[in-house]
Structures are given as structure tokens and as C-alpha cells.
Amino acid sequence: MPAPAALPLWWVVVLPFLLVAVAAALVAADAGLTARARGARADALLPVREAGRLLVGQRRRTVAADSVLWRAGGAVLPVAAVLAGVVLPLGTRPVADLSVGVVWFNAMEVLAWAAVWMVGWGPNSALGLVGGYRFVAQGLAYELPHMFAIITAALGAESLRLTDIVAAQRGLWFVVIMPVAFVVYLVSATAMAFWGPFDAPVGRDVAGGAAAELSGVDRLVFAGGRWLLLVVAVALAVPLFLGGGAGPWLPAWLWVAVKTAVLLALVLLVRRRFPTIRVDRFTEFAWIVLVPLTIVQALAVALLVLNGGGAG
């Protein structure tokens, strides 16, 4: 009897808590590394205290703000991240095994775009608006190579369903035959979460960027959504390029956890090795380098599929 394609319905409730737990662990690790770099003692409870401070903080108000748009933007970001996560195979099965799982993920990414833009536009603030425009510019730069990288994996499996993409890697992980797509995907995943070297949309040079006017619980929700988006975006690289839960000895769900943890550790390392990249420099690099590389990678995989009947 074949295994069911999707996890039981109650996983719809479990998934947000699981993603929040992973994001909280990542925040704690990042805070510990930051404290160590400054020569201070690592405090595992620092993120908890910071969250508590924001929860009791006052919500900032600005003149002639569009409050609905402003508050909704911060709330939509974590929702978009969780909805993107429903197609992630948590072991062998996702919460929702959609036939267009890749398209669904990309649609939630666009929703996150809208959320950050609303946060920048809503408060009627010059600083927030500059941050919102920066994120749109950064999005336009990373989106094409990002889509080509995802499409390359889907092309190799000849399916848009993530479980099919995982199944196509039983003989050989896609990272071996699609190394360029894998690297470009990780780069664009961090840019998608405007994190690490790609945090210019919320950069301190414009006093906080898109989130400049957020405070209290609004800032906490926005920051939480950003971390959730990073976790989900990086975790998607596991089924796309690293064979999902494939691996010896350990159960599939544990392999997914291990691979995701390694990628998140790599993202943390990169954040400390590279400074913030100016959006105009990243835009130039994306159009001149990343887009041609991903197109060539996609064409190579397409030829492989046509000649051999599949990349896996």
C-alpha cells in the first residue's frame, strides 16, 4: 500500500510552532556568535528578553499614516513564510503535496514582497519608503536568478511537485549536476529574507529602512517573519538540491533536519564574512553574472534531460 502523499491535517497546527522553534534556535545562535565576536559573554536568554521588551513597548504612530496597510504588512510577512513552508517535505511528506509546489512557494515569496513594501509605505515616512524601494530593487535583482535556479531543479525532475523532485534524486543529488543553481539559490534565499549581506532594505544607513517606524509588538512580528522567511527559504534547498530526506542509517526527517541545520550554519557564517552589499552593486552583479550563469545551467540540464530522459 503506497504511503499517503501528505502529512495528517493536524500538521497544519504543528508546522507554525515547528518553524518558530527553528527560527528561535537560529536567533539564539546568531546572538551568541555576535556576543562572542564582541568579546562579551554569550547570553542564551537575550533573544527572549528582547522579545519581551518589544511586547511591552509602545507602538509608534506617525502623521497621516495608513495604519491598516502599515500593520497588515508586518502581520503578512510571517503568514507568508508559514504558507510557503506547507510544501516543504518534512522527511518524506509535506503538509500539502501540491502538484505546483514550486509555483506555490514562489507565490508566497511575492506575498512577502508585498508585505515589506506595505511596511515601508504605510507609515508615511521617508526612511521607511526608501527601505521599501530598496527591497523592491533587490527583489527585482535576485528574482530572475532565483526563479531560474528553482526551475532548473524542477526541469531535472520534470515536475513542479517537490516530492517528485526529491524522488528524482534517488540516484544522484541535484547539487552534483546543478552546482551553480544550488549556490545561486542560497544567495537568492538570503536576499529573499533581506538578511546577511543583503540587509540593505533594513540597513542602519537609513535609520532602519523599511522597518524604521516599527516598534513594540509590530517590530517583533516583522522581525519574527523575517527569520521565519529565512528558515523556510534556506530549508527549501534541501528537497530541491540535497535529496530531501535521503541518506543512510538515519530516518528521513532527521536527515532533513541535519541538512537544514548545516545550510543555516553556512548562512550564519556568510553573514559574518561579508559586509552589507549595496543594492545597486548587487543589481549589477545579478544581471551581469548570476542571470547568465543560471541560464547556462538550466540549458545544460535541459540538454541532459532530453538526451537521458531525466537528470536524476
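Attention in this report is confined to the structure presented alongside it. (Residues numbered from 1 in each chain as written. Predicted model: local features only at pLDDT ≥ 70, side-chain atom pairs only at ≥ 80, totals over all residues. Heavy atoms only, no water.)

## Let's talk about helix H9 (residues 216-235)
Taking 1.5 Å per residue, 20 residues should reach 28 Å; H9 reaches 29 Å between its end C-alpha atoms and fits that length. Counting buried residues in H9 gives 14 out of 20 residues, a clear majority hidden from the surface. (Helix = DSSP H or I, 4+ residues; strand = E, 2+ residues; numbered from the N terminus. Expected span 1.5 Å × (residues − 1). Buried < 20%, exposed > 50% of the residue type's maximum accessible area, 1.4 Å probe, protein only.)

## A few points about unusual backbone geometry
Although it is not a glycine, Glu-158 adopts a positive phi angle of roughly 55°. Position of Glu-158 relative to the elements: it lies in the loop between helix H5 (126-157) and helix H6 (162-167). Residue Glu-158 is classed as exposed on the basis of its relative accessible area, which comes to 53%. Positive phi, normally seen in glycine, also occurs at Phe-194, with a value near 35°. Relative to the helices and strands, Phe-194 resides in the loop between helix H8 (179-192) and H9. By relative accessible area, which is 0% here, Phe-194 ends up buried.

## Regarding the pattern of salt bridges
This model, assessed by the stated rule, comprises 3 salt bridges. As a salt-bridge pair, Asp-280 and Arg-278 come within 2.5 Å of each other at their nearest N and O atoms. Take Arg-278: its relative accessible area is 47%, and that puts it in the partly exposed class. Within this structure, Asp-97, Arg-161 and Asp-164 form a network of salt bridges that share partners. (Salt bridge = Lys/Arg side-chain N within 4 Å of Asp/Glu carboxyl O.)

## So, the side chain of Glu-109
Note that Glu-109 resides in helix H4 (residues 101-121). Within the buried set, Glu-109 has no salt-bridge partner at all; the shortest N-O distance to an opposite charge, 14 Å, is to Arg-226. A polar contact is formed between the side chain of Glu-109 and the side chain of His-146, at a distance of 3.1 Å. Setting aside anything within four residues of it in sequence, one finds Glu-109 in contact with Tyr-142, Glu-143, His-146 and Met-192. (Lys, Arg positive; Asp, Glu negative; His and termini not counted. Polar contact = N/O pair within 3.5 Å; in protein donor to acceptor, adjacent residues only side chain to side chain. Contact = heavy atoms within 4.5 Å.)

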